[in-house]
Amino acid sequence: ACRRPFLLMETTASVDRYGVLCCSLSCVDMMLMAAERPKTLEAITSFDGTKQEAGGSCSNTSRVLGSSQIRVLASTLLGDDPHGKELLRQLNDSGVNTDHVVIDPEVNTSLAVLPVFKGGGRGCYVDLGANSVATPEKLFGDKLDVFARVPFCKVFHFGYPHLMGNLQGENLDKMFSAARRASLLVSLDINGADKPEPSVITEALRHCFFVHANLEEAAFCCFGASMDEENATVEDITSLGNFFLSRGAGVVSISLGADGAYLATNTDPDTLEKLSEGILKGTSAGLRVFRGPYMPEGAINSTGAGDAFVAGALAYTVSCLQTITTLDPNLLLDYALISACLHIDAARSVPTYEELGVILSQTTRLPSKFC
């Protein structure tokens, strides 16, 4: 691989604004806008134009954070091709530091084709490309010492482990262990889980301050079967959260689509304080809360909603670390929900973090059947 120059940007003493190191899957999303749903697998089906966006966990989460003026460093593997160049351009335009993006001329940048259906919902066809060969060593070098070399990064976020064959199990645990040795909080987004494979994430959960999944992904991890918001009960969702907490995670949040989200914290106060580097106090242990979603103003495109949800949670977390403020799990969930709402809303753009707090107080919350 041909690594782009990695710079030691500042010493610990010079850090004036904290940020996030985002790693994992990246791709170019080619969206087929206003697509009709095919009546059969071979039916000729229309759509209304295309839109190319940087996609995947690393790209989506980084771009929302960068656009919110949160410092963010991206770490991912791309090919030396037009899609890779376009992805880099979009990351840079969003204020993302791409000094640690790795370019490998022997692989192709991942491409996803997403029919965005009229009336909501989308499909996804993907060539994982470079993501299939990414390893901890390709991204961070043999010593995995990057976490100590970027002192402004206080949170390490990793997403889509089920789609990253060489960044699962022991390798995922290895990365998270290195991040924790450098006192970074660890965040994990379990996007792409579609079958029960405990070995993918189980060992790594003990390092995680924050874990996110949507309802279907959480159900596959826990029960090995799909579940939807219409048929799920409070007891079902609570059981899903307990699956992750019982394996050592500090905080788990499960997105519930039009019914908002669920958040739960570990019952052990010492685990919470340790995984959060002290910003989440033991008094928050054993919390269980459902929150309704916020109401979009315009047309909805749900692509990247889960990544925007995580970005809102991480932006609030970084703010708490920066100001040495006790983290409020209820506010963490609210920042996640409003960030996702603004991201999917065609009528609004991503605001700065400071503006996000104002918008939070002015936006209507919709009811949820769970609360």
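Provided above is the structure to which this section pertains.
Predicted, not measured: the structure shown is a model, and the values here were computed from it. (Residues numbered from 1 in each chain as written. Predicted model: local features only at pLDDT ≥ 70, side-chain atom pairs only at ≥ 80, totals over all residues. Heavy atoms only, no water.)

## So, the overall build of the protein
Stage number 1. When you go through the protein residue by residue, the secondary structure sums to 11 helices and 15 strands.
Stage number 2. What you see for the protein is a C-alpha radius of gyration of 19 Å, in line with the 21 Å of a compact globule of 371 residues.
Stage number 3. In terms of principal-axis extent, the alpha carbons of the protein reach across some 60 × 50 × 40 Å.
Stage number 4. Within the span of the protein, comprising 371 residues, buried residues form 55% of the whole.
Stage number 5. Considering only residue pairs separated by 6 or more positions, the protein has 73% of its internal contacts joining residues 24 or more positions apart.
Stage number 6. With the model as given, the accessible surface of the protein reaches about 15,300 Å², and the carbon-plus-sulfur share is 51%. (Helix = DSSP H or I, 4+ residues; strand = E, 2+ residues; numbered from the N terminus. Rg over C-alpha atoms; globule rule 2.2 N^0.38 Å. Buried < 20%, exposed > 50% of the residue type's maximum accessible area, 1.4 Å probe, protein only. Contact = heavy atoms within 4.5 Å. Areas by Shrake-Rupley, 256 points an atom, 1.4 Å probe, with all protein chains shown as cover.)

## Let's talk about helix H7 (residues 234–245)
Stage number 1. Taking 1.5 Å of rise per residue, 12 residues should cover 16 Å, and H7 covers 17 Å from first to last C-alpha, within 8% of that figure.
Stage number 2. Taken together, the buried positions of H7 are occupied by Ile 237, Leu 240, Gly 241, Phe 243, Phe 244 and Leu 245.
Stage number 3. Those residues of H7 that are buried are in contact with strand S12 (210–214), helix H6 (215–222), strand S13 (251–255), strand S14 (261–265) and strand S15 (288–291). (Expected span 1.5 Å × (residues − 1).)

## Let's talk about the environment of Arg 247
Stage number 1. Secondary-structure assignment places Arg 247 in the loop between H7 and S13.
Stage number 2. The spatial distance from the C-alpha of Arg 247 to the C-alpha of Arg 206 is 6.2 Å, given a sequence separation of 41 residues.
Stage number 3. Within the local environment of Arg 247, its side chain forms a polar contact with the backbone oxygen of Phe 243, the two atoms lying 2.9 Å apart. (Polar contact = N/O pair within 3.5 Å; in protein donor to acceptor, adjacent residues only side chain to side chain.)

## Some thoughts on empty space enclosed by the protein
Stage number 1. One pass over the full model with this rule turns up two cavities of 30 Å³ or more.
Stage number 2. One number sums up the size of the largest cavity: a volume of about 80 Å³.
Stage number 3. The wall of the largest cavity is formed by Val 64, Leu 65, Ser 68, Ala 311, Gly 312, Ala 315, Ser 339, Leu 342, His 343, Val 350, Pro 351 and Leu 356.
Stage number 4. When residues of the lining of the largest cavity are traced back to their parent elements, those giving at least two are helix H1 (56–67), helix H9 (305–323) and helix H10 (329–344).
Stage number 5. Quantified by volume, the second largest cavity comes out at close to 30 Å³.
Stage number 6. Residue lining of the second largest cavity: His 162, Lys 195, Pro 196, Glu 197, Pro 198, Ile 201, Cys 221 and Phe 243, and that is the complete set.
Stage number 7. Considered class by class, the residues forming the lining of the second largest cavity number five nonpolar, one polar and two charged. (1 Å grid on protein atoms, 1.4 Å probe; cavity = no way out; pocket = protein on both sides within 12 Å on 5 of 7 lines; lining within 4 Å. Points joined across faces, edges and corners; volume = space filled by probe spheres on them. Nonpolar A, V, L, I, M, F, W, Y, C, P; charged D, E, K, R; others polar.)

## A word on the nonpolar core
Soluble globular proteins tend to pack their nonpolar side chains together in the buried interior.
Stage number 1. Among the nonpolar cores identified, the biggest contains 63 residues, and Phe 140, Phe 156, Phe 158, Phe 176 and Phe 244 are the most heavily contacted of them.
Stage number 2. The residues touching Phe 158, leaving out its near neighbours within four places in the chain, are Cys 23, Ser 24, Ser 57, Met 164, Leu 167, Leu 172, Met 175, Phe 176, Ser 187, Leu 188 and Asp 189.
Stage number 3. Counting 54 residues, the second largest nonpolar core, distinct from the first, contains Val 28, Val 64, Leu 91 and Cys 341. (Core = buried A, V, L, I, M, F, W, Y, C linked by side-chain atoms within 4.5 Å.)

## So, the sheet that holds strand S10 (residues 153–159)
Stage number 1. Reading across from one edge, S5-S2-S10-S11-S12-S13-S14-S15 is the order of the eight strands in this open sheet, with mixed pairing throughout. Each edge of the open sheet carries a strand with a single partner, namely strand S5 (71–75) and S15. Each strand axis lies, on average, 15° off the axis of its neighbour in the sheet, ignoring direction.
Stage number 2. In this structure, S12 lies alongside S13, joined through five bridges in parallel fashion. Bridge pairing links Asn 214 to Ser 255 in S13.
Stage number 3. Each of S12 and S13 is contacted by H6, which is oriented at about 105° to S12, the strand it contacts most. (Pairing = 2+ DSSP bridges. Axes fitted to C-alpha atoms, helices over the stretch in contact; angles between N-to-C directions.)

## A short note on unusual backbone geometry
Stage number 1. Unlike most non-glycine residues, Glu 277 shows phi in positive territory, near 55°.
Stage number 2. Among the structural elements, Glu 277 can be located in the loop between helix H8 (269–275) and S15.
Stage number 3. By relative accessible area, which is 38% here, Glu 277 ends up partly exposed.

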